[in-house]
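Each chain, written out:
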There are 2 protein chains.
Amino acid sequence: MALPTKATHQQTRVHNERLVVRTVYDLGPISRADVARQTGLTRTTVSDVVGGLIDEGVVREIGRGPSSGGKAPILLEVDQESRLVVGLDLGEEHFAGSVVNLRGELRRTVELPVAGRDGDDAVALVFDLLDRLLAGTSAPLLGIGIGTPGLVDTRSGTIRRAVNLDWRDLPLGAIVADRYGVPVNVANDSQAAALAEYTYAGEGRVPNLIAIRVGRGVGAGLILRGALFQGDGSGAGEIGHTVVDDDGLLCRCGRIGCLETVAGGRGIEERAAAATGRPTDLEAIRAAAGAGEAWATAIVDGAGAALGRAIAALIGALDVQRIVLIGPVTDLGDRWLAAVRREARDRALAPLADDVEISIGRPTTNVVVRGASALLVARELGLSLAR
Amino acid sequence: MALPTKATHQQTRVHNERLVVRTVYDLGPISRADVARQTGLTRTTVSDVVGGLIDEGVVREIGRGPSSGGKAPILLEVDQESRLVVGLDLGEEHFAGSVVNLRGELRRTVELPVAGRDGDDAVALVFDLLDRLLAGTSAPLLGIGIGTPGLVDTRSGTIRRAVNLDWRDLPLGAIVADRYGVPVNVANDSQAAALAEYTYAGEGRVPNLIAIRVGRGVGAGLILRGALFQGDGSGAGEIGHTVVDDDGLLCRCGRIGCLETVAGGRGIEERAAAATGRPTDLEAIRAAAGAGEAWATAIVDGAGAALGRAIAALIGALDVQRIVLIGPVTDLGDRWLAAVRREARDRALAPLADDVEISIGRPTTNVVVRGASALLVARELGLSLAR
């Protein structure tokens, strides 16, 4: 068993700096004396650390607060514009990105169509997007967070496999870090979305939640005990390629009947095209189902039920009560959501299923971008972007 | 966000005591000076804490070690017989229990047949088992760990639902703690088994593993990031009552086609009875399958495949690479295990499934008893029972 050893001086310094930044960030405006009281650090240590943070521009003095008898104390706050963070969402149709400040507030957003680019061309598109986002920004860049589809090894920033973009063992994190000279975090888009749902939940924050992204692919991000759980090979949540229908459609992974062929957007549109004899997108399917057309209601109900079955398995496995659905397929609306809920409830053990809340989350791109930023800021500064 | 506050004096004392016990336990025989070096505590603190532990009999002096120049130091070790722990496995056919020492070594084992008892009679059987286990023991009892089937709220020690024993919202932990005057921990049997597999893995220990108990029921215990994950309602791993076969058998939970009706022991025996026209137990099925009888190979392959499908879903959800199977159904042997592995591999995303190791674990009762003890000792002393 590894025994705890005395923290080295360097570790202690970093730890104290993070503790002070977090305290000022969460509780500021606040005096040095109150930071010392809150953190249990000595006043001397707090003054040293705050001095360094003021030199770096992260913390600033904003004048004197009310006196409690003696001299009124100088108040500190984090300068939320002192560092910028970039979050990217490498989506199916668009690569989108935003520059955010240290509170996660959007400062600039750019979106570029993918238009079928893959391989090196898709990497070039990432550079193009980043160049446009960074042009004309003045504050130092803290780092870049990237949410991408596919299997991602977050530790190394390597995309193990992203079928859409034809990326395999691509060290995207290292490539981007080399070019821009800042720390880069790469996460799966569903995992980034889960992190955003957790980070920005505010008062309703719970320690365990599952975010499921239903687009062309289907993937989940798991927050367990307040942290992203990625599994042994960073593949936790890759539920889209579990075979659920032996007589199903061919999946782009090469197998037959994966969950995404039944519950994902492309499979839904293919079924609709077969039923109508012409290309039919999600919006048209939703409209037809709303008008009560039998082919459309059958497709919407079937897709929702397939996802519901996968959710029932997740409920049995993890007993997580907060499940958030995001992605283009959620546009199928209430009828689809009702089918998801019904099937999940009917197939999971009653005492578990009774307590589960399945809901539609915030808009996807925004969620992935903010999740990617949140992960980066958490790793670099130890801050949680949301109050 | 909750801010860290200065540790209270009491918390510090408990923390230091645990740190010292763990150090002596893992590294003993060891001198006070080496404990101070390992822990980063001052020699004065170590001496104070060790004095208290010697008074309590948990730590003892065993003479002087080799001198490195000056006076030879007195060596300390944990007296592994100074406290006893009881672990129980409330199994389907038998309630079994063992008295173990602080190294998890069995000191006494008792097994009583359940013989259909349920409700209050089953609680009386637990008392009977504990009375027999404790008769004639002399060292103080540190506590009692209980592994039980069903949905268990570990925090309160309440059994929310155990179908076999007709227990519902039974505060078993409180009832046993009242009677024996010691701390009691109650966990689901699969969860206890997972903890035992993790604790006693030795050098091969990995941070994530899933233990699946396949008996009459089917349940999993999840170790994620080195700790038991129980979910929001302590129901994580309750995979046995997820519906997998819409045209299946009636389950004892009241639904049709739950996983346990296909992969569990009772469902397997029912299918065999239907095929042979007479009661047929697992041993007979295994023998018939070994002799190549078609009805038996079909049943063994089908049961293995059903479990394999559930495992594929777990792999997709969690990307956990170590999966251990325990329980009576594992007696079906290699053919069954091959079917489990094949189906799990064929249905999970290839890059994930390739790295998964599915194996048969140690004998169930032993595993559950030791897991229940390990959980208790970890909670009460902060020790991991295995080196």
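Residues numbered from 1 in each chain as written. Chains lettered and ligands numbered in written order. Predicted model: local features only at pLDDT ≥ 70, side-chain atom pairs only at ≥ 80, totals over all residues. Heavy atoms only, no water.

Participant: What is the right way to look at the pairing of strand E7 (residues 141-148) of chain B in this model?
Facilitator: Residue and element names in this part refer to chain B. Along E7, 7 of the 8 residues are buried, which leaves the element largely enclosed by surrounding structure. Bridge count between strand E4 (residues 84-90) and E7: 6 bridges; the pairing is parallel. Considered in E7, the bridge of Val86 is made with Ile144. Pairing geometry for E7 and strand E11 (residues 184-188), over 5 bridges, is parallel. Within E11, the position partnered with Gly147 by the bridge is Ala187. (Buried < 20%, exposed > 50% of the residue type's maximum accessible area, 1.4 Å probe, protein only. Helix = DSSP H or I, 4+ residues; strand = E, 2+ residues; numbered from the N terminus. Pairing = 2+ DSSP bridges.)

Participant: Where do I start with the sheet that holds strand E8 (residues 151-153) of chain B in this structure?
Facilitator: As a general point, the strands of a sheet are linked pairwise by backbone hydrogen bonds and lie either parallel or antiparallel. All names here are of chain B. As summarised here, the arrangement of the 3 strands in space is E8-E9-E10, forming an open sheet in which the pairing is antiparallel. If you trace the sheet from one side to the other, it starts and ends with E8 and strand E10 (167-170), each paired once. For this sheet, the mean angle separating the axes of adjacent strands, direction not counted, is 15°. The pairing of E8 with strand E9 (residues 158-162) spans 3 bridges and is antiparallel. Bridging across to E9, Val152 finds its partner in Ile159. (Axes fitted to C-alpha atoms, helices over the stretch in contact; angles between N-to-C directions.)

Participant: Can you help me understand the relation of the copies chain B and chain A in this one?
Facilitator: Put simply, the two copies of the chain differ by a rotation about an axis and a shift along that axis. At an RMSD of 0.2 Å, chain B and chain A line up after a rotation of 180° and a shift of 0.1 Å along the axis. Interpreted geometrically, this transformation is the action of a two-fold axis. Residue B:Ala313 of chain B places its C-alpha closer to the rotation axis than any other residue of that unit, at 3.6 Å. When you check the interface residues of chain B against chain A, 98% turn up at the interface there too, and the contact is symmetric in its surfaces. (Least-squares fit on C-alpha atoms with pLDDT ≥ 70 in both. Contact = heavy atoms within 4.5 Å.)

Participant: Before we go on, may I ask you to explain unusual backbone geometry in this structure?
Facilitator: A negative phi angle characterises most non-glycine residues, just as the trans form characterises most peptide bonds. The step from A:Gly28 to A:Pro29 runs through a cis peptide bond, and the omega angle for that step is 0°. Relative to the helices and strands, A:Pro29 is located in the loop between helix H1 (9-27) and strand E1 (30-31). At B:Asp166, a position not held by glycine, the phi torsion is positive, near 55°. Within the fold, B:Asp166 resides in the loop between E9 and E10.

Participant: Would you mind showing me how to read the packing of aromatic side chains here?
Facilitator: Given two aromatic rings, their pairing is described by the distance between the two centres and the angle made by the two planes. Within the structure shown, the criterion is met by 2 aromatic pairs over all chains. Across from the ring centre of A:Tyr25, 3.9 Å away, lies the NZ or CZ of A:Arg103, which sits over that ring. (Phe/Tyr/Trp six-rings, centres within 6.5 Å; stacked < 30°, edge-to-face > 60°. Lys NZ or Arg CZ within 6 Å of the ring centre and 35° of its normal.)

Participant: Whenever I open this one, the sheet that holds strand E9 (residues 158-162) of chain A confuses me. Can you help?
Facilitator: All names here are of chain A. Here 3 strands make up an open sheet; going across it, the order is E8-E9-E10 and the pairing antiparallel. Edge positions in the sheet fall to strand E8 (151-153) and strand E10 (167-170), since each of these pairs with one other strand and no more. Each adjacent strand pair in this sheet contributes to an overall mean axis angle of 15°, direction not counted. With 3 bridges joining them, E9 and E10 adopt antiparallel strand pairing. Within E10, the position partnered with Ala162 by the bridge is Trp167.

Participant: Could you clarify how one ought to interpret the interface of chain B and chain A in this entry?
Facilitator: Often, the extent of an interface is quoted as the loss of accessible area upon association of its parts. Contact with chain B, which involves 60 residues of that partner, is made by 59 residues of chain A. Buried surface at the junction of chain B and chain A, summed over both partners, amounts to about 4700 Å²; 53% is from carbon and sulfur atoms. When the buried surface of chain B facing chain A is broken down by residue, B:Arg225, B:Asp232 and B:Arg347 rank first, second and third, together holding 15% of it. The salt bridge involving A:Arg347 is made with B:Asp246; its shortest N-O contact spans 2.6 Å. Across the chain B-chain A interface, the total number found is 34 residue pairs in polar contact (both at pLDDT 80 or more). Those elements that provide at least two residues to the side of chain B that touches chain A are helix H1 (9-27), helix H2 (32-39), E9, strand E13 (218-224), strand E14 (227-229), helix H10 (294-318), helix H11 (334-347) and helix H12 (350-353) of chain B. Of all the elements, H10(B) adds the most residues to the side of chain B that touches chain A, at 6 residues. (Buried area = accessible area lost by both parts, 1.4 Å probe. Salt bridge = Lys/Arg side-chain N within 4 Å of Asp/Glu carboxyl O. Polar contact = N/O pair within 3.5 Å; in protein donor to acceptor, adjacent residues only side chain to side chain.)

Participant: Even after reading the chapter, I still don't get the layout of surface pockets, so can you show me in this structure?
Facilitator: Size it by volume and the largest pocket reaches roughly 820 Å³. Taken together, 31 residues form the lining of the largest pocket, with A:Val243, A:Val244, B:Val243, B:Val244 and B:Arg309 sitting closest to its centre. Taken together, the elements giving at least two residues each to the lining of the largest pocket come down to helix H10 (294-318) of chain A together with helix H7 (259-263), H10 and H11 of chain B. Grouping the amino acids of the lining of the largest pocket by side-chain chemistry returns 19 nonpolar, 2 polar and 10 charged. The computed volume of the second largest pocket comes to approximately 580 Å³. B:Glu92, B:Glu93, B:Arg213, B:Gly215 and B:Pro328 are, among the 30 residues lining the second largest pocket, the residues nearest its centre. Among the elements of the structure, strand E5 (94-100), helix H8 (265-276), helix H9 (282-290), strand E15 (322-326) and helix H13 (364-381) of chain B are those that each provide at least two residues to the lining of the second largest pocket. (1 Å grid on protein atoms, 1.4 Å probe; cavity = no way out; pocket = protein on both sides within 12 Å on 5 of 7 lines; lining within 4 Å. Points joined across faces, edges and corners; volume = space filled by probe spheres on them. Nonpolar A, V, L, I, M, F, W, Y, C, P; charged D, E, K, R; others polar.)

Participant: It is not clear to me how helix H5 (residues 172-180) of chain B should be interpreted in this structure. Could you clarify?
Facilitator: An α-helix turns once per 3.6 residues; consequently, residues spaced three or four apart project the same way. Residues and elements named next belong to chain B. Within H5, the full set of buried residues consists of Leu172, Gly173, Val176 and Tyr180. Around the axis of H5, the buried residues are gathered within 100° of arc, so they sit on the same side. Next to the buried residues of H5 lie E4, helix H4 (119-134), E7, E9, E10 and E11. Phi for Gly181, located one or two positions after H5, is positive at around 65°. (Arc of directions from axis to C-beta.)

Participant: Got a minute to help me understand the nonpolar core in this structure?
Facilitator: Looking at soluble globular proteins, one finds that nonpolar side chains tend to be buried together. Grouped together as the largest cluster of nonpolar side chains are 96 residues, with contacts concentrated most on A:Ile212, A:Trp336, B:Ile212 and B:Trp336. If near-sequence neighbours (up to four positions away) are discounted, A:Trp336 is found in contact with A:Val214, A:Val300, A:Ala303, A:Gly304, A:Leu307, A:Leu325, A:Val329, A:Thr330 and A:Ile360. (Core = buried A, V, L, I, M, F, W, Y, C linked by side-chain atoms within 4.5 Å.)

Participant: For this particular structure, what's the right way to read the pattern of salt bridges?
Facilitator: Enumeration over the complete set of coordinates arrives at 39 salt bridges over all chains. When the shortest N-O distance is used, the salt bridge between B:Asp79 and B:Arg60 registers 3.6 Å. Linking B:Asp79 in the loop between strand E3 (74-78) and E4 with B:Arg60 in strand E2 (residues 59-64), this pair joins segments that are 19 residues apart in sequence. Taking the relative accessible area as the measure of exposure, B:Arg60 reaches 38% and is therefore partly exposed. Put simply, A:Asp246, B:Arg309, B:Glu343 and B:Arg347 are held in one network by salt bridges that share partners.

Participant: Looking at this structure, how should I read the packing of H10(A) against helix H11 (residues 334-347) of chain A?
Facilitator: The angle between the axes and the distance between the axes are what describe a pair of packed helices. Residue and element names in this part refer to chain A. Between H10 and H11, the least distance of the axes is 7 Å, while the angle of their chain directions is 40°. Comparing their axes, H11 and H10 come out oblique. By crossing handedness, the relation of H10 to H11 is classed as right-handed. Residue-level inspection shows Thr297, Val300, Asp301, Ala303, Gly304, Ala305, Leu307, Gly308, Arg309, Ile311, Ala312 and Ile315 of H10 in contact with H11, the latter providing Arg335, Trp336, Ala339, Val340, Glu343, Ala344 and Arg347. When the residues that make up the contact of H10 with H11 are grouped by side-chain class, the tally is 11 nonpolar, 3 polar and 5 charged. (Parallel < 35°, antiparallel > 145°, perpendicular 65-115°, else oblique. Left-handed = near helix turned anticlockwise from the far one by under 90°.)

Participant: What is the right way to look at the environment of B:Gln230 in this model?
Facilitator: Summarising the element assignment, B:Gln230 is placed in the loop between E14 and H7. Each C-alpha atom of the pair B:Gln230 and B:Val152 lies 9.4 Å from the other, and the pair is 78 residues apart in sequence. Not counting residues up to four positions away in its chain, the partners in contact with B:Gln230 are A:Asp319, B:Thr154, B:Gln191, B:Gly235 and B:Ala236. Engagement of the side chain of B:Gln230 in a polar contact is seen with the side chain of B:Thr154, the distance being 2.6 Å.

Participant: Would you take a moment to explain the side chain of A:Asn16 for this structure?
Facilitator: Structurally, A:Asn16 can be placed in helix H1. With residues near it in sequence (within four places) discarded, A:Asn16 still touches A:Leu41, A:Thr45 and A:Val49.

Participant: Would you mind going over helix H3 (residues 43-56) of chain A with me for this structure?
Facilitator: Residue and element names in this part refer to chain A. Here H3 spans 20 Å end to end across 14 residues, near enough to the 20 Å set by a 1.5 Å rise per residue. By the burial criterion, the buried members of H3 are Val46, Val49, Val50 and Leu53. Buried residues of H3 fall within an arc of 100° about the axis and therefore sit on the same side. Residues of H3 that are exposed and point over 90 degrees away from its buried face: Thr44, Asp48 and Asp55. (Expected span 1.5 Å × (residues − 1).)

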